[in-house]
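# Structure assessment
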Amino acid sequence: MRKPILAGNWKMNRAPAEAVEFVRALQPKLAPYLAQVETVVCPPFVCLPAVADALAGEKIGVGARIGVGAQNMHWAENGAYTGEVSAAMLKGLAGYVIIGHSERRQYFGETDEGVNKKIVAALAHGLIPIVCVGEDLAQNEAGVTEMFVSGQVRAAFAGISADQARAVVVAYEPIWAIGTGRTATKEVANHVCGAVVRATLAELYGEAVAQAIRIQYGGSANEKNIGELMAMPDIDGALIGGASLKVEAFVEMVRVTAAQL
Ligand code: PEP
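Overview of the structure. The model shown is predicted, which means the values in this text are computed figures rather than measured ones.

## What to know about the side chain of Ser 220
Tracing the backbone through its elements, the reader meets Ser 220 in the loop between β7 (214-218) and α11 (226-230). Looking at Ser 220, the relative accessible area reads 18%, which means it is buried. Discounting residues that sit within four places of it in the chain, Ser 220 has contacts with Ala 177, Ile 178, Gly 179, Thr 180, Gly 181, Arg 182, Thr 183 and Asn 225.

So this is what it looks like as structure tokens:
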């Protein structure tokens, strides 16, 4: 019912020329799966024009393209925000935008309130927000994961209508699993995606809307564990860091996801 969505978060890696080379290598290998699996790459801002161009210029077989996403954006339309990029500026370059990644919350002081404003702005400009939530190790060990993640979801969706909410993708990313090689077990990941994130969305919007919203898992997902994660009923995709930087690993993740449908 929910189309799986795999998104690669390249973080601060690759310059435009390397980015184009990488997506050109991905295209023919991903083509057989794109109709079934929504597949997105999220390069650094400076790569977006080149990547969007490279993907727009190619025929990739099945009528579906690799999607392009930004890794962040500002909520304002324009103005005195040195170093920032607005949703309006992403038009034509990206269809998706990662919002509230834990690295942005941790290193750049992003707050729940800012995350909410960004989601509102992204939706107003027709971008699909990929909204990251997730607890850190101390919260996990203190047993407050459910309360904390549910609170992040409520804050993120404040003031967003049910119709708009359907378009949003939520990525549950336990911070202790990001880039550590320590993946949440499939049971734990599914529990938080379903009994916490989806349940919170059901409280906010009702069961039908909650069932329509896609929820990804993120945190050391790779070509070896993606099969078992995607087999879980409440996991609809993955936000992938390290493994998305390798053509073979990323393609294999998409292939395995398609094969399970
Ligand atoms: C991420 O940065 O969103 C992420 C999940 O990274 P990794 O897959 O490397 O853990």
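## Here's the deal with the packing of aromatic side chains
What characterises a pair of aromatic rings is the spacing of the ring centres plus the angle enclosed by the ring planes. Within the structure shown, the criterion is met by three aromatic pairs. Summarising the aromatic geometry, the rings of Phe 157 and Tyr 205 are spaced 5.9 Å apart at their centres and angled 70 degrees between planes, so their arrangement reads as edge-to-face. Of the two residues, Phe 157 sits in the loop between α7 (145-156) and α8 (162-165) while Tyr 205 sits in helix α9 (residues 186-205), which places them 48 residues apart along the sequence. The residues Phe 157 and Tyr 205 share a single accessibility class, namely buried.

## Digging into α7
With 12 residues, α7 should reach 16 Å at 1.5 Å per residue; the first-to-last C-alpha distance of 16 Å fits that figure. Buried within α7 we find Thr 145, Val 149, Ser 150, Gln 152, Val 153 and Ala 156. Buried residues of α7, seen end-on, are gathered within an arc of 155 degrees and therefore sit on one face of the element. Looking at the packing, one finds that the buried side of α7 touches α4 (102-107), α5 (112-124), β5 (128-133), α6 (137-141), β6 (169-172) and α9.

## Considerations on the site of the ligand
For the ligand, the set of nearby residues contains 14 residues, the closest of which are Lys 11, Glu 173, Gly 179, Ser 220 and Gly 241. In this structure, an oxygen atom belonging to the ligand sits 2.7 Å away from a side-chain N or O atom of Glu 173. Gly 241 is positioned such that a nitrogen or oxygen atom in its backbone is 2.8 Å from an oxygen atom of the ligand. Protein burial of the ligand: of its 300 Å² of free accessible surface, 96% is covered by the chains. A breakdown of the residues in the shell around the ligand according to their chemical character gives four nonpolar, eight polar and two charged.

Analysis parameters
- Residues numbered from 1 in each chain as written.
- Predicted model: local features only at pLDDT ≥ 70, side-chain atom pairs only at ≥ 80, totals over all residues.
- Heavy atoms only, no water.
- Helix = DSSP H or I, 4+ residues; strand = E, 2+ residues; numbered from the N terminus.
- Buried < 20%, exposed > 50% of the residue type's maximum accessible area, 1.4 Å probe, protein only.
- Contact = heavy atoms within 4.5 Å.
- Phe/Tyr/Trp six-rings, centres within 6.5 Å; stacked < 30°, edge-to-face > 60°.
- Expected span 1.5 Å × (residues − 1).
- Arc of directions from axis to C-beta.
- Near = heavy atom within 4 Å.
- Polar contact = N/O pair within 3.5 Å; in protein donor to acceptor, adjacent residues only side chain to side chain.
- Areas by Shrake-Rupley, 256 points an atom, 1.4 Å probe, with all protein chains shown as cover.
- Nonpolar A, V, L, I, M, F, W, Y, C, P; charged D, E, K, R; others polar.

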